[in-house]
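Structural features, examined
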Amino acid sequence: MRINRYLAECGLASRRKCEEFVTEGRVTVNGKVITDLSTQIEAGDVVTVGGKRVSPVSKHVYLMLNKPKGCVTTVSDDRGRKTVMDIVRADYPDTRLFPVGRLDYDTEGLLILTTDGDLCNRLTHPSSEIEKVYTAKTEGRVTEDDLAELRRGVVLGDGKKTGKCRAYLLSYDSKTNISTVEVAIKEGMNREVRRMFEAIGKNVVFLKRVAIGDLRLRGVDRGSYRKLTREEVEYLKNV
């Protein structure tokens, strides 16, 4: 088994993050520092990261978390802000959970936490093209022309163009002048949905991820979490 996959199986992080551990010289195999990503791990090898021995997780944990706004999607934060890990730490104090992908500080909704590095790699790899569905509330009326522009792809402030997406108007409240739109994207650029609306002159005042593929955010209050069912885990592994 290649070293990055082995470390992911130990529940440290995704394969890509584990590759950084290797290239930074933080990993030893049988007492020797290794930086070669092609290193193979055999049965009986002793592997350490940062001086601590690691071994594959015997049974992975899969959680669905309804992330509230006002916390960051990281394992720790050097600015002292609340992280998504703070929500689950009481029940999983010694479990090496990590978030699959990211939701920005002010975005709510569906986030998967797991110890399964392979699954994390599968869901976050650019080639996966798994659809992520969001509910966005924006100031002003979103017209059919606006939706058509979003569907075709828009040019963001940094010059990058988004891919085609699904976008539908769910409602418009004339009293508050707020439009509610469902947007489904397959990319994962930083703050992509917010920037898409900025590109058509709309300001997002609320954003929530409600689905990843066919996995919907169900049965979880804001700021809470639950274990994924066996069927949900199998779906994510085969999507």
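Residues numbered from 1 in each chain as written. Predicted model: local features only at pLDDT ≥ 70, side-chain atom pairs only at ≥ 80, totals over all residues. Heavy atoms only, no water.

1. Focus: unusual backbone geometry
- You will see that Asn30, though not glycine, has its phi angle at about 55°, which is positive.
- Positionally, Asn30 belongs in the loop between strand 1 (27–29) and strand 2 (32–33).
- One non-glycine residue, Arg191, adopts positive backbone phi at about 50°.
- Residue Arg191 is classed as partly exposed on the basis of its relative accessible area, which comes to 35%. (Helix = DSSP H or I, 4+ residues; strand = E, 2+ residues; numbered from the N terminus. Buried < 20%, exposed > 50% of the residue type's maximum accessible area, 1.4 Å probe, protein only.)

2. Things to note about helix 7 (residues 230–238)
- All of the buried residues in helix 7 are Glu232, Val233 and Leu236. One side of helix 7 carries all its buried residues, which in axial view fall inside an arc of 100°. Facing away from the buried side of helix 7 by over 90 degrees, the exposed positions are Arg230, Glu231 and Asn238.
- Next to the buried residues of helix 7 lie strand 5 (62–67), strand 7 (108–114), helix 4 (117–124), strand 12 (215–216) and strand 13 (225–227). (Arc of directions from axis to C-beta. Contact = heavy atoms within 4.5 Å.)

3. Quick word on the packing of aromatic side chains
- In total, this model carries one aromatic pair according to the counting rule given.
- Judged by centre distance (6.5 Å) and plane angle (55°), the ring pair of Tyr92 and Tyr225 falls under tilted. Here Tyr225 lies in strand 13 and Tyr92 lies in the loop between helix 3 (84–88) and strand 6 (98–100), a separation of 133 residues in the sequence.
- Here the guanidinium or amino end of Arg151 rests over the ring plane of Tyr168, the centre of that ring lying 5.4 Å away. (Phe/Tyr/Trp six-rings, centres within 6.5 Å; stacked < 30°, edge-to-face > 60°. Lys NZ or Arg CZ within 6 Å of the ring centre and 35° of its normal.)

4. Some thoughts on the nonpolar core
- The biggest cluster of nonpolar side chains holds 31 residues, and the ones touching the most others in it are Val88, Leu97, Leu113, Leu150, Val183, Met196 and Phe197.
- Going through the elements one at a time, strand 5, helix 3, strand 7, strand 8 (132–139), helix 5 (144–152), strand 10 (178–185), helix 6 (192–199) and strand 11 (204–212) are the ones with two or more residues in this core.
- Counting residues per element, this core draws most heavily on helix 3, at four residues. (Core = buried A, V, L, I, M, F, W, Y, C linked by side-chain atoms within 4.5 Å.)

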